[in-house]
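In case you want the letters, here they are:
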Amino acid sequence: MTGVNTVRSGFRLSAFLDYFIPTVLQVNAETHRRARMFMLSHVFGPILGNTIPLYMVATNISRDYRAAVFFFSILLFWAYPFVLRATGRYQLLAFLSVQNLIFCALWACYAYGGTASPFLPWILIFPLLAFLYLPPQGWVRNILIAQIFGSTAIFLAIAFSGWPLPATQLAQLQTIGMISMASVAIYFAMMSLYFAKMFHEQREFQRELNSLVSTSDNLRNLTAAANQASAAKADFVAGMSHELRTPLNAIIGYSQLLLEEASEEGDEDTVTDIGHVHRAGSNLLSLIDDILDYSRIEAGKMPLNNSRNAPAALIEGWLEEAAGLFSGRAYTLEPRILPGAEAAMLTDWSAVGATVRHLVAGVAGRNPDGKLIITVDATPGEGARFLFTDLAPGGTARATAIIEEMFEHADDTSATKYGGTGIEIALAYKFAQLLGGSIQAVTQADGQPATLLTIPDRTHEVQAPQEQTLAA
């Protein structure tokens, strides 16, 4: 019982009508609306119309050919929805349908009383269907209207010319007249209510559409403003970076000269003080370089220069460059190169090196001591994998927060407390994205946390366009 109720409550008239309307007609809202009106009248019209010939046969008012022609001409309307679904020829079927109704109504008037026939009010339906089924202008509609008036005029001419009409007892048709008027009234009411419903839906749809258009315009304006702000930010960062580099280079160079001079004189206090100035200036210059690289990647102005090499041949050099970050600290680096790392692959190795160095600096800058194990592996055609495991002095692995945006921190710990600039992980993340790779936190087989850097092999990306060119 529950299943039956569910099916019945799920029936929707609009969905039933749309089943017979081809998709190409549903694209245009106006055509869709007219096709639905066409379907509605052809589904329920024969039910209303055939009550009359069936009543005439049941009451023995008419059981000859006239009732048969009347009945089957009305029943024919049920064929139009199936033909519409099969062919999609809506305008032709709308034209033929009105012709069918003209024949049906005029036949009933001719067969049952002529101008005194109770079916004469059916003629009022002709122009209504012409307006509902067809566009407001066009040669098909004009021909149809002309034919409606022409057919009606011919019928009236025959009726008033004295042409012999089939014998009919008009007294027997009084009840038929009431049924006929009731059918026409119900038909008009049904079409009017459905038309009003569709008009309301169209108005609601238009309001929603206007709202969506307004929202789309706002989003477009906001996107343009965001792009302008991003471009302005990139220009500002790049300009300020260059402006700051000049005095910083002077400070670093001059402090280097003073440092060498104080060292020669053996002035340890001065060497210590000037050393602080020199290191601070170098760190600030490194930070500016990082910010400039970050802004160039965000602005899409960081070029890639691909070359073929193996990660095993480069990892030692990258870690030597990063070793300066650990001076004076009990923190060590331990590379573990797997046999697969000997495989050569195509990528921008300079950018890969920058990614590895920044990731090492980001992990090491958060801890005073420990060991960072970098496991290197590669698969030809797929890419290289660098697994970073940060171990505390006791051997317990420490998790590293993956920071995707500059100056975004997952906790309150200063990223620069133990060296670094604080944006290394975010910059490494941007470099990895630039190379088509990724940085993600993973859990190893022993349950310990680690950070995985993957860099894809671009060999197939380069070979595919070359093969297409050769094929062409």
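What counts, and where the lines are drawn
Residues numbered from 1 in each chain as written. Predicted model: local features only at pLDDT ≥ 70, side-chain atom pairs only at ≥ 80, totals over all residues. Heavy atoms only, no water. Helix = DSSP H or I, 4+ residues; strand = E, 2+ residues; numbered from the N terminus. Buried < 20%, exposed > 50% of the residue type's maximum accessible area, 1.4 Å probe, protein only. Core = buried A, V, L, I, M, F, W, Y, C linked by side-chain atoms within 4.5 Å. Contact = heavy atoms within 4.5 Å. Phe/Tyr/Trp six-rings, centres within 6.5 Å; stacked < 30°, edge-to-face > 60°. Lys NZ or Arg CZ within 6 Å of the ring centre and 35° of its normal. Patch = residues over 30% accessible without salt bridge, like charges linked within 9 Å, V, L, I, M, F, W, Y side chains within 5 Å. Areas by Shrake-Rupley, 256 points an atom, 1.4 Å probe, with all protein chains shown as cover. Salt bridge = Lys/Arg side-chain N within 4 Å of Asp/Glu carboxyl O. 1 Å grid on protein atoms, 1.4 Å probe; cavity = no way out; pocket = protein on both sides within 12 Å on 5 of 7 lines; lining within 4 Å. Points joined across faces, edges and corners; volume = space filled by probe spheres on them. Nonpolar A, V, L, I, M, F, W, Y, C, P; charged D, E, K, R; others polar. Expected span 1.5 Å × (residues − 1). Lys, Arg positive; Asp, Glu negative; His and termini not counted. Charge placed at Lys NZ, Arg CZ, Asp CG, Glu CD. Axes fitted to C-alpha atoms, helices over the stretch in contact; angles between N-to-C directions. Parallel < 35°, antiparallel > 145°, perpendicular 65-115°, else oblique. Left-handed = near helix turned anticlockwise from the far one by under 90°.

K.L.:
Help me understand the overall build of the protein chain, please; the structure alone is not making it clear to me.
P.N.:
Secondary structure summary: the protein chain contains 16 helices and 8 strands in total. Within the span of the protein chain, comprising 472 residues, buried residues form 40% of the whole.

K.L.:
Teacher, can you tell me more about the nonpolar core here?
P.N.:
With 51 residues, the main nonpolar core has Phe38, Phe70, Tyr90, Tyr112, Phe119, Trp122 and Tyr133 as its most contacted residues. Of all elements in the fold, only helix H4 (29–49), helix H5 (51–58), helix H6 (65–75), helix H7 (79–87), helix H8 (90–111), helix H9 (125–133), helix H10 (139–160) and helix H11 (174–265) reach the threshold of two or more residues within this core. Residue contributions to this core peak at 14 residues, all from H8. Ignoring any residue separated from it by four or fewer positions in sequence, one finds Tyr133 in contact with Arg34, Met37, Phe38, Ser41, His42, Tyr90, Ala94, Ser97, Val98 and Tyr187. If you look at the next biggest cluster of nonpolar residues, it comprises 40 residues, including Val356, Ala364, Ala428 and Tyr429.

K.L.:
Sorry, what's going on with the packing of aromatic side chains here?
P.N.:
Each aromatic ring pair is summarised here by two numbers: the centre-to-centre distance and the angle between the ring planes. Taken as a whole and judged by the stated rule, the model has 13 aromatic pairs. Note on Tyr19 and Phe20: the rings are 5.1 Å apart at their centroids and 85° apart in plane angle, and the pair reads as edge-to-face. The partly exposed category is assigned to Tyr19, whose relative accessible area is 47%. In textbook terms, an aromatic cluster arises when at least three aromatic residues are bridged by ring pairs, as seen for Phe16, Tyr19, Phe20 and Phe82. In this structure, Arg85 packs its charged tip against the face of Tyr19, placed 4.0 Å from the ring centre.

K.L.:
What's the story with a nonpolar patch on the surface in this structure? I'm lost.
P.N.:
Taken together, the side chains of Ile154, Ile158, Trp163 and Leu165 present a nonpolar region at the surface, about 390 Å² in accessible area. For Ile158, the location among the structural elements is in helix H10. With relative accessibility at 34%, the residue Ile158 sits in the partly exposed group.

K.L.:
Help me understand the side chain of Lys430 in this model?
P.N.:
Relative to the assigned elements, Lys430 resides in helix H15 (residues 424–434). In this structure, Lys430 is in contact with Tyr294, Ile297, Glu298, Glu404 and Glu405, ignoring residues within four places of it in sequence.

K.L.:
Would you mind going over empty space enclosed by the protein with me for this structure?
P.N.:
If a probe as big as a water molecule is rolled over the atoms, it shows which places are left empty. Enumeration over the complete set of coordinates arrives at 2 cavities of 30 Å³ or more. In this structure, the largest cavity occupies an estimated 240 Å³ of space. If you go around the largest cavity, you meet 18 residues; those closest to its centre are Gly45, Leu101, Trp122, Ile125 and Tyr187. For the lining of the largest cavity, the secondary-structure elements that each account for two or more residues are H4, H8, H9 and H11. Top element by residues in the lining of the largest cavity is H4. It accounts for 6 residues. Class assignment for the residues of the lining of the largest cavity results in 11 nonpolar, 7 polar and no charged.

K.L.:
In this structure, what is going on with helix H14 (residues 349–364)? I would like to understand it.
P.N.:
Note on helix geometry: an α-helix contains 3.6 residues per turn, so any two residues three or four positions apart are oriented the same way. Taking 1.5 Å of rise per residue, 16 residues should cover 22 Å, and H14 covers 22 Å from first to last C-alpha, within 8% of that figure. In terms of residue burial, H14 counts as a mostly covered element, since 14 of its 16 residues are buried.

K.L.:
Whenever I open this one, a negative patch on the surface confuses me. Can you help?
P.N.:
The grouping of Glu260, Glu261, Glu264, Glu265, Asp267, Glu268, Asp269 and Asp273 at the surface amounts to a negative patch. Where the negative patch is concerned, the elements lending two or more residues are H11 and helix H12 (268–298). At 4 residues, H11 tops the list of elements feeding residues into the negative patch. In this structure, Glu264 sits in helix H11.

K.L.:
Is there a simple way to think about unusual backbone geometry in this case?
P.N.:
If a residue is not glycine, its phi is most likely negative; likewise, a peptide bond is most likely trans. Positioned with a positive phi, Asn60 is a non-glycine residue whose angle comes to about 65°. Structurally, the position occupied by Asn60 is in the loop between H5 and H6.

K.L.:
Even after reading the chapter, I still don't get the packing of H7 against H8, so can you show me in this structure?
P.N.:
Two numbers describe a pair of packed helices, the interaxial angle and the distance between the axes. Between H7 and H8, the least distance of the axes is 10 Å, while the angle of their chain directions is 165°. Regarding the angle of H7 to H8, the classification is roughly antiparallel. Considering the relative orientation of H7 and H8, their crossing is right-handed. Residues Tyr80, Val83, Leu84 and Thr87 of H7 lie in contact with H8, whose contacting residues are Tyr90, Leu93, Leu96, Ser97 and Asn100. Across the contact of H7 with H8, the residue classes tally to 6 nonpolar, 3 polar and no charged.

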